[in-house]
Amino acid sequence: MIKTARFVPVTYVPPSRKDIGGRLLIENYNIHMTETTSKLLQDAELFGLTAMGDGATICKYPLTNVLFAGGHEHQALIDVIDSSDHMAFGGAKDARYIASKIMPLM
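Because the structure is a prediction, the values reported are computed rather than measured.

Undergrad: I'd like to hear about helix H6 (residues 95–102), residue by residue, with values.
TA: Among the residues of H6, those classed as buried are Tyr 97, Ile 98 and Ile 102. Taken end-on, H6 shows its buried residues confined to a sector of 135°, consistent with a single buried face. Each element contacted by the buried residues of H6 is listed here: strand S1 (50–58), strand S2 (61–69), strand S3 (76–82) and helix H5 (84–88).

Written as structure tokens, this is what we have:
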């Protein structure tokens, strides 16, 4: 990398932290999701898809992870759902709740 750095024009300005945490992060996310979705749906009619859900509590925030797997993508995190409202009313992250969050994504 250091050997190639000498070929960078003098006018080069590295991206700012706002660009890295904003525009470039969004672009990276969009590329990743496009590639993941493409691999997930590749031969999905032949192999099918598997939906998985997982309840997690991170720093006292109840979350529900939604994952899918296919023939060419072994695991793809599709969504992380904030379950705070459900838990605040005494709900549990049980199979019925997780299934109710996965079904709209299918």
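Next, the rest of the story.
Undergrad: With reference to specific residues and values, describe the pairing of S2.
TA: In terms of burial, S2 is largely enclosed, as seven of its nine residues are buried. Sheet topology places S1 next to S2; nine bridges connect them, and they run antiparallel. Paired with Met 52 across the bridge in S2 is Leu 67. Counted along the chain from S1 to the antiparallel partner S2, the turn is two residues long, and its residue Cys 59 has a positive phi close to 50°. Across six bridges, S2 lies against S3 in antiparallel orientation. In the sheet register, Thr 64 faces S3, and the bridge partner there is Ile 81. In textbook terms, the turn of a hairpin is the stretch between consecutive antiparallel strands, and for S2 and S3 this stretch comprises six residues.

Cut-offs applied
Residues numbered from 1 in each chain as written. Predicted model: local features only at pLDDT ≥ 70, side-chain atom pairs only at ≥ 80, totals over all residues. Heavy atoms only, no water. Buried < 20%, exposed > 50% of the residue type's maximum accessible area, 1.4 Å probe, protein only. Helix = DSSP H or I, 4+ residues; strand = E, 2+ residues; numbered from the N terminus. Arc of directions from axis to C-beta. Contact = heavy atoms within 4.5 Å. Pairing = 2+ DSSP bridges.

By themselves these figures say nothing about function.
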